[in-house]
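Okay, here's what each chain looks like letter by letter:
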Amino acid sequence: RTRSLAGRNYNVGNHLSANVGKVQMLLPVGLSNYDSLQAKINRKFSHGYSLLASYTFAHGLDNGPAPFDLGKGGNYPQNPFNVEAEYANSDTDIRHHFVASQIIELPFGQGKRFLSHAGGLAQAIIGGWQLNSITTLQTGTPFNIVSNGNDPNYPGLRPNLISSPSVSHKTVQEWFNPKAFSIPKLQTDQPKPGQALVVGNAPRNFLFGPGYTNEDFSLFKVIALPREMKFQVRMEAFNILNEAHYDNPVSNLSAGAQFGEIRGGYSPRVMQFAGRLTF
């Protein structure tokens, strides 16, 4: 478990006084906790095969990043005078994370299980092949529902939760139920000096975005050359299955029809070829 304190910048508009403009305060009120369970399997390279697999079950909590505008918006507190109320899932809270990497030497060619006496052209074709893969599986990260992320003074104000945000089938067009939220009455009004902010009852970071599935694959071949030199041909594919990797949905209620939609993605399939000479 870790515990940390970090500075916070608060933009409180004229909440203190009608005669005071924007005020920034730096206070040591940041709080974060991280707990995890970790497991690992490590099979050292033997008989042409190795495996390293790890799994982490974790839960990260905090009252906001430092600074608040770190990351993809929606990170500001509802009320900068009550940061304790922001304590919830951190922006980087990944509950489940699994990764496995493998190295496999194909059992063909000289010194291998099959065709061990191959030579010349046969060895050049079938010998020296190696497969490598990295498999990654993880759950999505949380996102914060805000009433109006474009508000220059209070971009972190959240709406009220009036019904279940769950949907029977999540799609990129509707990741959650946008009708489950409403902006509280008078929340859009600029508060007068000494007047309490109108905050929503929606929790911070209580919804999670899409998970992540990825498979990286490579195929190597080593060609023996005179004078103990070797030439390696490398064919690599990142996200070889071309899995869709989506961003978190639009969580700004003022975005209108886009609220609840997933509008972007990242990391399509990429392939590359290379050669390396060892001497």
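Rules of the game
Residues numbered from 1 in each chain as written. Predicted model: local features only at pLDDT ≥ 70, side-chain atom pairs only at ≥ 80, totals over all residues. Heavy atoms only, no water. Helix = DSSP H or I, 4+ residues; strand = E, 2+ residues; numbered from the N terminus. Buried < 20%, exposed > 50% of the residue type's maximum accessible area, 1.4 Å probe, protein only. Pairing = 2+ DSSP bridges. Phe/Tyr/Trp six-rings, centres within 6.5 Å; stacked < 30°, edge-to-face > 60°. Core = buried A, V, L, I, M, F, W, Y, C linked by side-chain atoms within 4.5 Å. Contact = heavy atoms within 4.5 Å. Salt bridge = Lys/Arg side-chain N within 4 Å of Asp/Glu carboxyl O. Polar contact = N/O pair within 3.5 Å; in protein donor to acceptor, adjacent residues only side chain to side chain.

Visitor: Hey, could you go over the environment of Phe-231 for me, with residue numbers and the actual values?
Guide: If you trace the backbone, Phe-231 turns up in strand 14 (residues 230-238). Relative accessible area serves as the criterion here: at 31%, Phe-231 is assigned to the partly exposed category. Between the alpha carbons of Phe-231 and Gly-275 there is a distance of 7.1 Å; along the sequence they are 44 residues apart.

Visitor: Give me the pairing of strand 13 (residues 212-224): which residues, what numbers.
Guide: Bridge analysis of strand 8 (residues 129-138) against strand 13 gives ten bridges, and the strand direction is antiparallel. Within the sheet, the bridge partner assigned to Asn-132 lies in strand 13 and is Ser-218. Pairing of strand 13 with strand 14, which is carried by eight bridges, proceeds in the antiparallel orientation. Among the inter-strand pairings, Leu-219 is bridged to a residue of strand 14, identified as Met-235.

Visitor: Talk me through the packing of aromatic side chains; I want residue IDs and the actual numbers.
Guide: As enumerated under the stated definition, the model contains seven aromatic pairs in all. With centroids separated by 5.8 Å and ring planes inclined at 35°, the aromatic side chains of Phe-108 and Phe-114 adopt a geometry described as tilted. A centroid spacing of 6.4 Å and a plane angle of 65° characterise the contact between Phe-181 and Phe-206, whose relative ring orientation is edge-to-face. Of the two residues, Phe-181 is situated in strand 11 (residues 181-182) and Phe-206 in the loop between strand 11 and strand 12 (207-208); the sequence distance between them amounts to 25 residues.

Visitor: Could you give an account of unusual backbone geometry, with specific residues and numbers?
Guide: Phi at Asn-205 is positive, roughly 50°, even though this residue is not glycine. You will see that Arg-227, though not glycine, has its phi angle at about 60°, which is positive. As for its placement among the helices and strands, Arg-227 is situated in the loop between strand 13 and strand 14. A relative accessible area of 83% means that Arg-227 is categorised as exposed.

Visitor: Before we move on, could you go through the nonpolar core and cite the residues and values that matter?
Guide: Formed by Phe-143, Ile-145, Trp-175, Phe-176, Ala-180, Phe-181, Ala-202, Leu-207, Leu-253, Phe-259 and Ile-262, the largest nonpolar core amounts to eleven residues. If we ignore the near neighbours within four places in the chain, the residues touching Ala-180 are Asn-160, Leu-161, Ile-162, Ser-163, Ser-164 and Pro-165.

Visitor: Just give me the short version of the pattern of salt bridges, but keep the residues and values in it.
Guide: Summed over the entire model, instances satisfying the criterion amount to seven salt bridges. A salt bridge links Arg-95 to Asp-93; the shortest N-O distance between them is 2.7 Å. With a shortest N-O distance of 2.7 Å, Lys-112 and Glu-105 are connected by a salt bridge. Of the residues examined, Lys-112 reaches a relative accessible area of 30% and is grouped as partly exposed. When its relative accessible area of 27% is taken as the criterion, Glu-105 is described as partly exposed. One network of salt bridges, with partners in common, ties together Asp-62, Asp-91 and Arg-204.

Visitor: Before we move on, could you go through the side chain of Asp-62 and cite the residues and values that matter?
Guide: Relative to the helices and strands, Asp-62 is located in strand 5 (residues 49-62). Within the structure, the side chain of Asp-62 is placed 3.1 Å from the backbone nitrogen of Gly-64, a separation counted as a polar contact. When sequence neighbours within four positions are dropped, the list of residues in contact with Asp-62 reads Leu-31, Ser-32, Glu-86, Tyr-87, Ala-88, Asn-89, Ser-90 and Arg-204.

Visitor: Tell me what's going on with the environment of Asn-132, and back it up with residues and numbers.
Guide: Tracing the backbone through its elements, the reader meets Asn-132 in strand 8. Spatially, the C-alpha atoms of Asn-132 and Asp-216 are 8.3 Å apart, while their sequence positions differ by 84 residues. Ignoring anything within four residues of it in the chain, the contact list for Asn-132 reads Gln-102, Ile-103, Asp-216, Phe-217, Ser-218 and Phe-220. Separated by 2.8 Å, the side chains of Asn-132 and Gln-130 make a polar contact.

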